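Chain by chain, the residues run as shown.
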Amino acid sequence: MPRGKKNTDAAAPLSTRESLSSTIKTIRNIMRKDKGLNGDLDRLPMLTWLMFLKFLDDSDEMHKVSDELAGRPHKELIEPPYRWRDWAGPVDGLTGDELKAFINQDEAIRPDGTRGLGLFAYLKTRSGGRGDVLAYVFRELQNRMANGYLLRDVVNKINEVKFTSSENIHTLSHLYESMLREMRDAAGDSGEFYTPRPVVKFMIQMLDPKLGETVLDPACGTGGFLVEAYEHIKQQARLAEHYRVLQEHTLFGNEAKSLPYLLAQMNLVLHGVESPNITIGNSLAVKLTEIGDAERVDVIATNPPFGGEEERSIQNGFPADKRTSETALLFLQLIMRRLRRQPKPGRAAVVVPNGVLFGDGICARIKEDLLKEFNLHTIVRLGSGAFAPYTDIPTNLLFFDREGPTREVWYYEVALPEGKKKYSKTAPMLEEEFQPAADWWMDRKESDRAWRVPIADIEAGDLNLDIKNPRGSSVEDDAAPHEIVARMIENQRLVGGLLEDINNLVREGSA
């Protein structure tokens, strides 16, 4: 027999910021009691996939109404009895071990009393368009809550969130951002280098994407660059047509991992992007020469993974003399390829480690292309510890466009606050610390923080872009011992990668 009664919250008034904050706080407190969840790294993903299913259901009900009004047939992405409203909506629906079995097991008693596929097992069978994405995402996820009664309590609280309410969504976006920050802090040494918000904001401000342009992040993580670009361009939208263009034809992202993909989806949805154009998969998997004008974009802002290694099949998609296992160098080539060409040249801002600036061999050949075919007009050198607590590797922001070739490179060194030698988890980089760089951007003059290097000098230095500030105090001079060790490890890793690349080339040459 079908079970459960209608959730009487359906006609509840809009939640206030305080009540939503209270709801999220209550959910997190409930989750803290569960023995299956271990910290924010478990709690936020759990909350995200639950909210994602609630969002899909709310969205489906809205589309159903609009389809009926327009006389169009309506096709549900998730069918009964797997829709949120079927198993999570009724306040006295499945709970305890029954709820856990329905979600976790391949086969279980369903909310309508019949026996069939469990929830995750069903979601993994979806196919076609958005169904493929749903299947891919839930193939990688799992329910980590051990107590089915606590899970029921969480589900009932999520029912209080109405994704049909712009007020709810706006409020939830701020709460979600704070939770993302907490999760990033908790990530620690998990290998994910999340981009600090001040860095994201500065890069988008300097790129200044316009309404009608396309913006891409090929390694979008939790969607920070796309959210910032959306907020930036939204200020230019005045007409309904402008909003339609912004919603449907402006922002594009790609993410290889399921959890960041889901986090990005929620992050964009909560900031007002109704149907995010984010694909899941490895951006590097497409052969470089197969990327044509149709795939090129106006603006790219990204912090590609560095320090990672790509398998041989991925490397084979790149030119033979520029194949490497270093992900930062592969992404740099991808970004160069995907920028729109003349007559409307595209522009990019990319986070790279110091190793890209001074690397030789394959790295130097990629830089040679960058300098000859693109205008690498600015390198912003970030203060020590900018990506703390994830890494102490020094990082830089490359700004370039297709109006090349490069004639000179401007360098700007972001100053650490007076008395501070590096950023840290408890003393992170702040937005206002980029203001001097933003002020300098449109009226460039050489100073203690800014210097200009002609291309002839760079060529004379074997394309080494790691050029220190000739007037200011060097960041490396202030480096702590553990930072120096981190750089030595990074340099050693790069040398190892180059040797491996050389070895592969030698093997190919002798085959």
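Residues numbered from 1 in each chain as written. Predicted model: local features only at pLDDT ≥ 70, side-chain atom pairs only at ≥ 80, totals over all residues. Heavy atoms only, no water.

So, the packing of helix 2 (residues 40-70) against helix 6 (residues 130-140): which residues are in play, and what are the values?
Axis separation between helix 2 and helix 6 bottoms out at 13 Å; the angle between their running directions is 160 degrees. Between helix 2 and helix 6, the angle is such that the two are roughly antiparallel. For helix 2 against helix 6, the interelement crossing comes out left-handed. Here helix 2 contributes Trp49, Phe52, Leu53 and Leu56 to the contact with helix 6, which in turn contributes Arg130, Leu134 and Phe138. Within the contact of helix 2 with helix 6, the residues separate by chemical class into 6 nonpolar, no polar and 1 charged. (Axes fitted to C-alpha atoms, helices over the stretch in contact; angles between N-to-C directions. Helix = DSSP H or I, 4+ residues; strand = E, 2+ residues; numbered from the N terminus. Parallel < 35°, antiparallel > 145°, perpendicular 65-115°, else oblique. Left-handed = near helix turned anticlockwise from the far one by under 90°. Contact = heavy atoms within 4.5 Å. Nonpolar A, V, L, I, M, F, W, Y, C, P; charged D, E, K, R; others polar.)

Please give an account of unusual backbone geometry that cites residues and values.
A cis geometry characterises the amide bond from glutamine 342 onward to proline 343, with omega recorded as 15 degrees. Relative to the elements of secondary structure, proline 343 occurs in the loop between helix 14 (327-338) and strand 7 (347-353). Cis geometry is found at the peptide bond from glycine 404 to proline 405, where omega equals 10 degrees. Tracing the sequence through the fold places proline 405 in the loop between strand 9 (395-401) and strand 10 (408-413). Of note, aspartate 462 is a non-glycine position whose phi angle comes to about 60 degrees, a positive value. Its location among the elements puts aspartate 462 in the loop between helix 18 (455-460) and helix 19 (481-510). A positive phi is found at leucine 463, a non-glycine position, where the angle reads about 65 degrees. One can find leucine 463 in the loop between helix 18 and helix 19.

How would you explain the pattern of salt bridges if you had to name every residue and give the values?
The full count for this structure, using the stated rule, is 33 salt bridges. Here arginine 85 ties to aspartate 57 by a salt bridge, and the two come within 2.9 Å at their closest N and O atoms. A residue pair is termed long-range when its members are at least 10 positions apart, and arginine 85 in helix 3 (residues 84-87) and aspartate 57 in helix 2 qualify at 28 residues. For aspartate 57, a relative accessible area of 6% corresponds to the buried category. Here aspartate 293 ties to arginine 341 by a salt bridge, and the two come within 3.0 Å at their closest N and O atoms. (Salt bridge = Lys/Arg side-chain N within 4 Å of Asp/Glu carboxyl O. Buried < 20%, exposed > 50% of the residue type's maximum accessible area, 1.4 Å probe, protein only.)

Mind laying out the nonpolar core, listing which residues take part and the relevant values?
Counting 95 residues, the largest nonpolar core has Trp49, Leu50, Leu53, Trp87, Phe138 and Phe202 as the members making the most contacts within it. By residue number, the principal contributor to this core is helix 2, which donates 10 residues. The contacts of phenylalanine 202, once residues within four sequence positions are left out, are Val380, Leu397, Phe399, Phe434, Ala437, Ala438 and Trp441. Counting residues in hydrophobic clusters, the runner-up holds 33 residues, among them Leu329, Ile335, Leu357 and Ile362. (Core = buried A, V, L, I, M, F, W, Y, C linked by side-chain atoms within 4.5 Å.)

For the environment of glutamate 98, give the residues involved together with the corresponding values.
Tracing the backbone through its elements, the reader meets glutamate 98 in helix 4 (residues 96-104). For the pair formed by glutamate 98 and alanine 108, sequence separation is 10 residues and the distance between their alpha carbons is 8.3 Å.

Run through the pairing of strand 9, naming residues and quoting values.
With 7 of 7 residues buried, strand 9 lies mostly within the body of the structure. Of the two faces of strand 9, the one holding Thr395, Leu397, Phe399 and Asp401 and the one holding Asn396, Leu398 and Phe400 are both buried throughout. Of the strand pairs in this sheet, strand 7 and strand 9 are connected by 7 bridges, and their pairing is antiparallel. The residue bridging alanine 348 from the neighbouring strand is phenylalanine 400, located in strand 9. Where strand 8 (residues 375-381) and strand 9 come together, 6 bridges link them in antiparallel fashion. Looking across to strand 9, one finds that isoleucine 379 is bridged to leucine 398. (Pairing = 2+ DSSP bridges.)

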